[in-house]
Amino acid sequence: MASSGDIREKLRKKRQALQETLAKSKNEDDVQEPEGSEEDPGETLKRTIRAQRQRKKKKLLEQTLVQESHDNDDVEEISTIQRDGAEEGSAEKADHSVISLRSQTGSQKGLSSRAQQTPSSQPQSLDDFVKRRLEERLRAARSKGESLQQQEASLEPASRLQGLRDRDTVTRFDREVDPDRSGRHDASPALSTRVKFREAARRVGKGLPNAEEAYNFFTFNFEPDPPDESERSSVKRQKQRKIADRDEGRGDEAEEQEEAEADEDNEEEHENQSEEAPLVQNEEEDLFVIDQSPQDFLEVKKAVYVGYQNLIQRENEQLFTPSFRTVPTSVKLPENMKPRYLEDEGLYVGERPHVSLTNENILENRILKMEEGKKWFGDDGRIMALPDPIKESSTRPPLFHMEEDVDPSLQTVYRKALKSKYANLYIAGAADPEGDYQLDVDVSGLIFSHHPLFSREHVLGARLAQLYDQYLTRQHNNLTGHLTDKLNGLRSALRNMLEIHGGQSLTQAMQQRFSEYSLEIRTTRQLRDSEQEKDRTLLKNIVKVWKELKALREFQKFSNTPYKLYLRRENVDRASDEREHEDEILAEVVEFEAESEEDYQKKLTEYNKQLEEWKLWRRKQKAKKKKKKKKKKGQTHEDTEDEEQEASESEGPIEEGPPKPEPPERPDFDSIEQQVREKASRIRRKPGEAILIPELSASGNITASELCPRPEIARRQDVARRSLFIKILYNDKEVSRTDSRSLNTDFRVHFGQIFNLKIVHCPQSINLQVFEEIGSSCSLLARVFVPVPEPSVVTGNVPVEEYEFSSNQRVMFDHEGVGSDVPLSFEADGSNKQTLLTSGKLSCCVSWGIGEDDVPLAPPVSQQPGGIHSGLDRLDAVTYIGASGLYDMKKIGEWATQSRLDPNDPKNASIMQLLKVASSGEVTAPEYFRLEHLQEEFNFVTDEELERSKRFRLLRLRNREVAEFRNYKCVPALEREVTDKVFQEYEKRLKEGEIIDTKEHLDSHRALVAKYLQKIRESVINRFLLAKHHYVLSDLVIEEEIPSIGILGLNLFKLAEPKRPLKPQRKERKKVTAQNLSDGDIKLLINIIRAFDIPIRRPQSNKPGQAPQSAIQGSDWFLNQVQVRPFVEVSFQRTVLQTTTADGPNPCWNEELQLPFSAPNGDYSNASLQSVKDEVFINMFDEVVHETGVNDKDRGKSIHTWVEKHWLGSVKIPFSTIYSQSRIDGTFKVNTPAVLLGYSKERSHGANGGYDIMRSLSEGTFITLFITMEPQLVPGETIREKFDSQEDEHLLQASERFEREAAQGYPDRPCITTVIDLNGKTVFITRFIRPLNPPQEFLDAFPNNPQEATALVARFVSLIPSLPDRVSFSGACDLWSTCDQFLTLLAGDEEEHAVLLCNYFLSMDKKAWLIIGTAIPEGPTTYVLTYEQSRYLIWNPSSGQYYGQYDTFCPLQTIGCLVNADNVWFNVQEYTTPMRLSFDITKANLWKPFFSRSFSHPGLSSVQPEELVYRRTDKAAAAELQDRIEKILKEKVMEWRPRHPTRWNRYCTTTLKQFLPKLEMSRGQDVTEGHRHELQSLLGENRISGFPLHLPFCEIRPIIEAVYSTGVHSVQVSNVEFALAVYVHPYPNNVLSVWVYLASLVRT
Amino acid sequence: MATSNPSVFLLTVNGQIEGANFPEYDDLYCKYCFVYGHDWAPTTGLEEGITQITRKNSQSSHRLIWNFPLETTFKSTNPSGWPQLVVSVYGPDAFGNDVVRGYGATHVPFTPGQHTRTIPMFVPEPTWRLQKFTGWLLGRRPEYTDPKVVAQGEGREVTRVRSQGFVTVSFHIMTKDMKKMGYDIGPSSPANTASVTSGWSTEEQQ
């Protein structure tokens, strides 16, 4: 398409070039062309008539010819259509055909005109050629036409049919068959050009309805077929064109210009077209011209077939088919504009709705056709579009629609219409018909204090009126009078007081009062004076303004205002007046004197004080000076001058001291009188002067308009034109408006209208808007906000209030009106300018209406919901309760007392009244604010009571999931049924938090440690208590994992696998989350497969030393003698199961044991499961069958046997390991006692040589186990909380990245770079590694044998009890403690052991690393790797054992990373087992270092202490402990044997006791066989079986467990004796090694 | 139990799981169980059960009828943890695998008398489309680890469910000694039998 598009583009360009040249030529010579389409009506009429005549003349002949040509044409047309069909969109095509069909039947006009059309895009160069061809054609056609004339009648229908048929086939098929002929899409353009042309022709006819009408009018009878006319005209035109030179070319040009957009390229096609078209055209033309026969008066016409092509054309002349080509951007944009992309500029442009490109192109093309089409295009050249408004998903939930049985819950329910739920906006009760509220708004009138239309006189008048108002109010208040009275009263009171107390000395209180009075008098007098002054100035001002007004009136010779001021003179009795005046002055003078005297006295005392000070200071100075002088005197004489200087200098600072105070002047009493008199004359009426009382009246005349000058007339007219009205807005909604009243000359408007508003909504605002109307336009002058009245304010008892308003609009006039906001001056020189704003007073009142029976139609106060918007201050909670306004009262009262309100003051009268009322009620509002002031009402019992309730406490504790009450069932319903017993345990535990039972721990230090651990544990548990209630999807929903591609592939592969493979592999089972389990749901499955190298029985012989030989004796012995008959007993949670008995030292059981598991408290949550401390004991026993004797007495021989089981060894696996591992699979070393009496560890010699090699690598007994749980539980996720850290953020990120990469690349290799220390902080792991000194005595013990020392150190570490974090911290997290913490706590996980061991090794100058890996059975764990003597050793820190790198039975299975103090290396080798690893950490392709060159080690300091300090071993404590353990164990053994007497063989015990220290010394390694022989010899006849147990000490309980699990006590032979010896070996820091030697002796 | 001072009250639930309306599914059966708090204990009757498989009537309605009786008596000391009936409906899918068709729960009505509850049912949705597809293909739709999950509020926010169908249950409730223990459950007249179940369905009902 692109290529063809290119071609098209080129062609078009070429064509355009041609067109341009053509257009030029055309413009030169042809102006007729445009005329053709726009002829004036007269000409057209003429022409049509002529044409009509012509036609009538020759209609018959012509008709036939037309048809003729038509037929020819059709064929051609079809061919073009074919191409067309291939080109154009099917839709378009369909349209065409449909429309064409319709138009065919509908009308037949313009039938032949089509033939005239010439193809477009005819280049000029072709013109001649075309012409020639046309002529030829014409000739041919003519002859043909003549020959065909006869056949015409018969031919015509056929042709039509054919036409139809052809069209059909063509259109349908070709589109499909030839979709690729894209290059040849010329036909349609060709057609369209033609159509255009014809259109022009049509317009000639159609565009002039007048002519046509006229024609119709004339020819209606004859002529049923008016369209022919157009044909005529076109014919005519054709003729004209014929005459014109190169008319064809021109025609084409015209067409082409019209058709600029349409694209066509195939020149040949055009040629064909043009060849054809002229043929017809010429034909017609010639015929018309030639045959001027009488026939043309006859109009006989038959049905005319309209060719398909014709129809298409006809349609096209009406229809515009926009192209679907992309419009170049340049066309769409204004010239010289580059598209601008808003998105690129960073502006947000919404996503445009999706429109297919084709449609968009079509639209663009169409729009461009239109006028101003470009305005539809945005800056980016695309059609402007709003963002897509369609949402992706339906917002309405889908509904199932079923015809008959709609679900009952979905059935449509019809309800009664409800009132809007916004009822809370309304006044409560307003919805009721009776509860209607009415607000009466009385708008009485409006007075302007300034209006733009005021004349100057008005301004003055208004001012005068204002002043007069002021005067009146002052007069009304009569403040001066009141103050004078008060003053007089005070004076007389003072006088009285003085009189009463005469010359007596005044008491303190009296003095106080006296001074208070005088103070009062003074202030009152000052107040009165100022008031009097105000009165006086007001009066003066009034007079002044009035004078100005008069002057103005005189000046302008007319008056606008009716104001007249009278000054009423009230004569007074001069004498009395003067007397009063004098009295007053005298009194004042006296007071002044007294005051000034007092003042003076005060000042005097002050002065005296200051003087005193000054004198003192002076004296000091003098003394100083004297001293100085004395000194100076001793000096030499020459210095006198200096001295003097100095003296003066020293005088200088002296002068700067306190200045000598000036004595206060005595008040000049004469001047006082003078002052008083002056003041009196200023502020008071002169004595004897008449009192002036101004009276303002509006009785003056206003000069009639006729007499006024012109500007004033204009002003008055303007005034008359204005009118005012007021809109009443209630809650910002217009509810009513007053009538419009015209503005009077006095600028007062009277409305006097009362509006009764029936309200539903709470009143929020009442707003009156003053509008001024000039003619029909009105403008808002001002708004007046009227407060919402109190409910008590009801119509009838409220005075009309005046609300001032003003507007700051600037108005200027060219007439007398002064305008508004315009500076205005009354002075002649224009100074003293004033700016007046439109202002005025609106008098109105708003009140609640009164109902019929005098009920106020106001909503009750409390029902104003919230009152929040009421405009009144009702926000207070107290008010909300109903105590309205109380707080105000109190405040007012306080304020009143504080400010000494004069109760006599008339201004205060109302306040005093209020206060009296309020204080009588004694209501005090609280001084605090309450949020939920009604809360107390809802508390049904007090908190204390609630606290005391035992039942409630129980419920609360259970809800808090306190361990004791977590699953407490059936809390009693009644308080009295809750016993105190329930809480006993809990309370005990709470108390015990402080006291630790030392008996349990046998050691005070350990007790403390236990307590500490407990605390840590609790804090951690509390921290994760919330996290436990956090669920993830997998907790709730079981969902199939999505099979990944790999798994899918594997599954496919598996299809080909054998159904029952020879070596079946264990499959992963579905995991079950633990929360929905109950007792008995979980089973522990232990699959005991086989064991190797079980110690074999030593034949009973009394000869010591022979035994080893006997074992190696001949095969006959081997066959006869059973070496050992081992079986395995598994005990877990006191359930004991055992396997069958097998034979030989390498038995194979392959048995599955199922042990039920029950969680503590029946709580199967993750946390509780993780903290299960139970261990699985797998004990291996030898079944020994004794024949007690043969009984021959009865018939036959019966043999009585009894079975004894001898403990051989055990494996201990904690449940937490199984739980976290979910399965344990492997071969474990069986913990065998160092000495096993009666058994030897000699290898059997019957085994194959192949095994020997393997076995030779290791010592000891091994057992292969598979342990899992059914159902498989999901181990609790350790919550990786973001712990705070002191590490560098950079480092933390790097470590996170390192771990993540490791987890991605090698998911099964543990990788740890950061750990959490005991404080809960994240610490980088290398900080834990640091060389630390082991106890010195270990190093001293074997000074020459470092090997031994190493072993001793390892042993020491392994003796520190192990306590998995998972157990102690509910699996919440893995906490690492530093070595000193570890040694203090004496409990820790593998990692603590490993760290300590590693640090010891480092300090012993070994190369040591920490191994982070997985081992069996621990799971993820930490080991230590050392490099010595060119081989790598792997140390198990918990057992103190080491393995070579190539040891098969090394429990370490996977090595994830190595850590030392400097770096962390992650294993990136192919394998993870130590055997296949290379430990060369320098190779980066084998070990990926954390710190590399790109990220170097930042020099992390260690968290470990510099040095470890060890406490000395306390031998005495160890001995004590030893005794206690022994005692406890003996008690226990006896307890376990309730039915049998337990006898202790003292002799044996003491013997055993001697062995134990030796065992400790040799660390249980190589036991001298001598012990046993010794024993044997000592005990003679006794059959002895026993063994020493070795345990690290942490608590007594595990020791008991271990003893119990050996089952020594279960020997039931009557003559059995026991021996038990305990040895506790103390190591530094209270690390204790416990040995328990246990033996049973049976006398044979 | 004839003491004047009872220490427990009794709640007897009789009724039946009447049927269900699952427009798209057929051959369904229903499991039910009661979920109750710590202070409750069943005294008689079945705590859980499973109904027969039922099919739709070919002619008329879409209703599936089980008419499976419920009869249980609880004793309790505390109304907290009032029993809830949890129903879960299962049926075969296009491949014949038994898949869950809906979970739903409702509290046992408080007031004595007859009550009818329509429980809207829902199923957990797969986390993503592919899972949906594979689940459909393998006949293993997401299921709750325990149907009782729908009776508890905790942890539900992590699930996405789609609603489908309704189960209708009728209850006949009797209580004993509740008033004596101080729990007034209001008038026990049958007037307010049409009462509230969960959510919107009831509003439509009334």
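Residues numbered from 1 in each chain as written. Chains lettered and ligands numbered in written order. Predicted model: local features only at pLDDT ≥ 70, side-chain atom pairs only at ≥ 80, totals over all residues. Heavy atoms only, no water.

**Considering the overall build of chain A**
Thinking step 1. Secondary structure assignment for chain A yields 48 helices and 39 strands.
Thinking step 2. For chain A, with 1644 residues in total, the buried portion stands at 45%.
Thinking step 3. Considering only intrachain contacts with a sequence separation of at least 6, the fraction spanning at least 24 residues in chain A is 76%.
Thinking step 4. Carbon and sulfur atoms form 52% of the exposed surface of chain A, whose accessible area is close to 90,400 Å². (Helix = DSSP H or I, 4+ residues; strand = E, 2+ residues; numbered from the N terminus. Buried < 20%, exposed > 50% of the residue type's maximum accessible area, 1.4 Å probe, protein only. Contact = heavy atoms within 4.5 Å. Areas by Shrake-Rupley, 256 points an atom, 1.4 Å probe, with all protein chains shown as cover.)

**Overview of the overall build of chain B**
Thinking step 1. For chain B, the helix and strand inventory stands at 2 helices and 10 strands.
Thinking step 2. Helices and strands in chain B line up, N terminus first, as β-β-β-β-β-β-β-β-α-β-β-α.
Thinking step 3. At a minimum sequence separation of 6, the contacts of chain B that also span at least 24 residues come to 75%.
Thinking step 4. Approximately 9,600 Å² of chain B is accessible, and the part contributed by carbon and sulfur atoms is 53%.

**Focus on the sheet that holds strand S36 (residues 1487-1489) of chain A**
All names here are of chain A.
Thinking step 1. Pairing within the open sheet is antiparallel, and its 7 strands lie in the order S33-S32-S31-S30-S34-S35-S36. Of all the strands in the sheet, the pair left with one neighbour each is strand S33 (1441-1444) and S36. For this sheet the average axis-to-axis angle between neighbouring strands, irrespective of direction, equals 35°.
Thinking step 2. Two strands pair when backbone bridges link them, and strand S32 (residues 1431-1436) and S33 are joined in this way by 4 bridges, in the antiparallel orientation. Counterpart to Ile1434 in the pairing with S33 is Tyr1443.
Thinking step 3. Of the strands in this sheet, strand S30 (1407-1415), strand S31 (1419-1428) and S32 touch helix H44 (residues 1390-1403), which is tilted by about 10° from S31. (Pairing = 2+ DSSP bridges. Axes fitted to C-alpha atoms, helices over the stretch in contact; angles between N-to-C directions.)

**Topic: a nonpolar patch on the surface**
Thinking step 1. Together, Phe95(B), Trp128(B), Leu130(B), Phe133(B), Trp136(B), Leu137(B) and Leu138(B) make up a nonpolar patch on the protein surface, roughly 730 Å² of accessible area in all.
Thinking step 2. Assessed through its relative accessible area of 37%, Leu130(B) is described here as partly exposed. (Patch = residues over 30% accessible without salt bridge, like charges linked within 9 Å, V, L, I, M, F, W, Y side chains within 5 Å. Salt bridge = Lys/Arg side-chain N within 4 Å of Asp/Glu carboxyl O.)

**Section: the sheet that holds strand S20 (residues 1148-1157) of chain A**
All names here are of chain A.
Thinking step 1. Spatial ordering of the open sheet is given by S20-S16-S25-S23, a layout of 4 strands whose pairing is antiparallel. Edge strands, defined here as strands with exactly one partner in the open sheet, are S20 and strand S23 (1223-1230). Mean inter-strand twist for the sheet, computed between neighbouring axes without regard to direction, equals 20°.
Thinking step 2. Pairing of S23 with strand S25 (residues 1261-1270) involves 8 bridges; the strand directions are antiparallel.

**Some points on the nonpolar core**
Residues and elements named next belong to chain A.
Thinking step 1. In terms of nonpolar packing, the biggest core is built from 72 residues, with Ile1178, Ile1263 and Ile1525 touching the most fellow members.
Thinking step 2. If one sorts the elements of this core by residue count, helix H45 (residues 1515-1536) sits on top with 6 residues.
Thinking step 3. Residue contacts for Ile1178: discarding those within four places in its chain leaves Val1128, Glu1129, Val1130, Gly1209, Ser1210, Val1211, Ile1213, Ile1263, Leu1265 and Ile1267.
Thinking step 4. Grouped together as the second largest cluster of nonpolar side chains are 51 residues, Val1323, Phe1338, Trp1435 and Tyr1510 included. (Core = buried A, V, L, I, M, F, W, Y, C linked by side-chain atoms within 4.5 Å.)

**Remarks on the packing of aromatic side chains**
All names here are of chain A.
Thinking step 1. Inspection of every chain in the model, using the stated rule, returns 37 aromatic pairs over all chains.
Thinking step 2. Their ring planes at 25° and their centres at 5.8 Å tell us that Phe1132 and Phe1215 sit as a pair that is stacked. Note that Phe1132 is positioned in strand S18 (residues 1126-1132) and Phe1215 in helix H37 (residues 1215-1221), a separation of 83 residues in sequence. In this structure, Phe1132 and Phe1215 share a single accessibility class: buried.
Thinking step 3. The interplanar angle of 85° and the centroid separation of 4.8 Å between the aromatic rings of Phe1490 and Phe1491 together place this pair among those described as edge-to-face. (Phe/Tyr/Trp six-rings, centres within 6.5 Å; stacked < 30°, edge-to-face > 60°.)

**Regarding a positive patch on the surface**
Residue and element names in this part refer to chain A.
Thinking step 1. Taken together, the side chains of Lys615, Arg618, Arg619, Lys622 and Lys626 make up a positively charged region of the molecular surface.
Thinking step 2. In this fold, Arg619 is placed in helix H19 (residues 574-633).
Thinking step 3. With a relative accessible area of 52%, Arg619 lands in the exposed category. (Lys, Arg positive; Asp, Glu negative; His and termini not counted. Charge placed at Lys NZ, Arg CZ, Asp CG, Glu CD.)

**Focus: helix H22 (residues 710-721) of chain A**
Think of an α-helix as 3.6 residues a turn; residues three or four steps apart then line up on the same face.
Residue and element names in this part refer to chain A.
Thinking step 1. Over its 12 residues, H22 extends 17 Å from the first C-alpha to the last, a length consistent with the 16 Å expected when each residue adds 1.5 Å.
Thinking step 2. Of the positions making up H22, those classed as buried are Glu712, Arg715, Arg716, Asp718 and Val719. End-on, the buried residues of H22 take up no more than an arc of 160°, which puts them together on one face. Along H22, exposed side chains directed more than 90 degrees from the buried face belong to Arg710, Gln717, Ala720 and Arg721.
Thinking step 3. Packing partners of the buried residues in H22 comprise helix H16 (456-477) and strand S4 (722-730). (Expected span 1.5 Å × (residues − 1). Arc of directions from axis to C-beta.)

**Structural notes on the confidence of the model for chain A**
Residue and element names in this part refer to chain A.
Thinking step 1. Mean pLDDT over chain A: 69, with 60% of residues reaching 70 or higher.
Thinking step 2. Here helix H23 (residues 877-881) stands out as the least confident element of chain A, with mean pLDDT 39; strand S35 (residues 1464-1467) is the most confident, with 88.
Thinking step 3. Ignoring residues within four places in sequence, the model shows residues 152-195, a span with pLDDT below 50, making 95 contacts including any to other chains.
Thinking step 4. Below pLDDT 50 for its whole length, residues 204-208 participates in 16 contacts with residues either more than four positions away or in separate chains. (pLDDT = per-residue confidence, 0-100.)

**Regarding unusual backbone geometry**
Thinking step 1. One non-glycine residue with positive phi stands out, namely Asn1150(A), at about 50°.
Thinking step 2. Locating Asn1150(A) in the fold gives a position in strand S20.
Thinking step 3. Even without being glycine, Asn67(B) reaches a positive phi, approximately 50°.
Thinking step 4. Residue position: Asn67(B) is located in strand S5 (residues 63-76).

**Side note on the pattern of salt bridges**
All names here are of chain A.
Thinking step 1. Taken as a whole, this structure holds 37 salt bridges over all chains when the rule is applied.
Thinking step 2. Across the pair Glu1526 and Lys1530 runs a salt bridge whose closest N-O atoms are separated by 3.5 Å. Note that Glu1526 and Lys1530 are positioned in helix H45 at a spacing of 4 residues, about one turn of the helix.
Thinking step 3. For Lys1530, a relative accessible area of 22% translates into the label partly exposed.
Thinking step 4. Connected through shared salt-bridge partners, Arg474, Glu531, Lys534 and Asp535 make up one network.

**So, the pairing of strand S9 (residues 777-786) of chain A**
Residues and elements named next belong to chain A.
Thinking step 1. Here strand S8 (residues 766-774) pairs with S9 via 9 bridges, running antiparallel. Following the sheet pairing, Phe771 is matched in S9 by Leu780.
Thinking step 2. Connecting S8 to the next strand, S9, in antiparallel fashion are 2 residues, including Gly775 with a positive phi near 60°.

**Some words on the environment of Cys1594(A)**
All names here are of chain A.
Thinking step 1. Position of Cys1594 among the secondary structure elements: in the loop between strand S37 (1582-1592) and helix H48 (1596-1606).
Thinking step 2. The exposure class of Cys1594 is partly exposed, given its relative accessible area of 27%.
Thinking step 3. Taking the C-alpha atoms as reference, Cys1594 lies 5.8 Å from Pro1361; in sequence the two are 233 residues apart.

**Here's the deal with the environment of His458(A)**
Residue and element names in this part refer to chain A.
Thinking step 1. As for its position among the elements, His458 is in helix H16.
Thinking step 2. For His458, a relative accessible area of 5% corresponds to the buried category.
Thinking step 3. Those residues within four positions of His458 in sequence are excluded, and the remaining contacts are Asn560, Thr561, Arg715, Thr745 and Phe747.

**Remarks on the packing of H45(A) against H48(A)**
Residues and elements named next belong to chain A.
Thinking step 1. Between H45 and H48, whose axes approach to 11 Å, the crossing angle comes to 45°. Classed by the angle they form, the pair H45 and H48 counts as oblique. When you trace H45 past H48, the crossing you get is right-handed. Taken together, the residues of H48 that come into contact with H45 (itself represented by Ile1525, Ile1528, Leu1529, Lys1532 and Trp1536) are Ile1596, Ile1599, Ile1600, Val1603 and Tyr1604. (Parallel < 35°, antiparallel > 145°, perpendicular 65-115°, else oblique. Left-handed = near helix turned anticlockwise from the far one by under 90°.)

**Comments concerning the layout of surface pockets**
Residues and elements named next belong to chain A.
Thinking step 1. Of the volumes computed, that of the second largest pocket is approximately 1,000 Å³.
Thinking step 2. Along the wall of the second largest pocket there are 30 residues; nearest its centre are Thr480, Gln532, Asp535, Arg684 and Arg685.
Thinking step 3. Looking at the lining of the second largest pocket, the elements that each hand over two or more residues are H16, helix H17 (479-501), helix H18 (508-556), H19 and strand S3 (691-697).
Thinking step 4. Counting residues per element, the lining of the second largest pocket draws most heavily on H18, at 7 residues.
Thinking step 5. Broken down by class, the residue content of the lining of the second largest pocket amounts to 9 nonpolar, 8 polar and 13 charged. (1 Å grid on protein atoms, 1.4 Å probe; cavity = no way out; pocket = protein on both sides within 12 Å on 5 of 7 lines; lining within 4 Å. Points joined across faces, edges and corners; volume = space filled by probe spheres on them. Nonpolar A, V, L, I, M, F, W, Y, C, P; charged D, E, K, R; others polar.)

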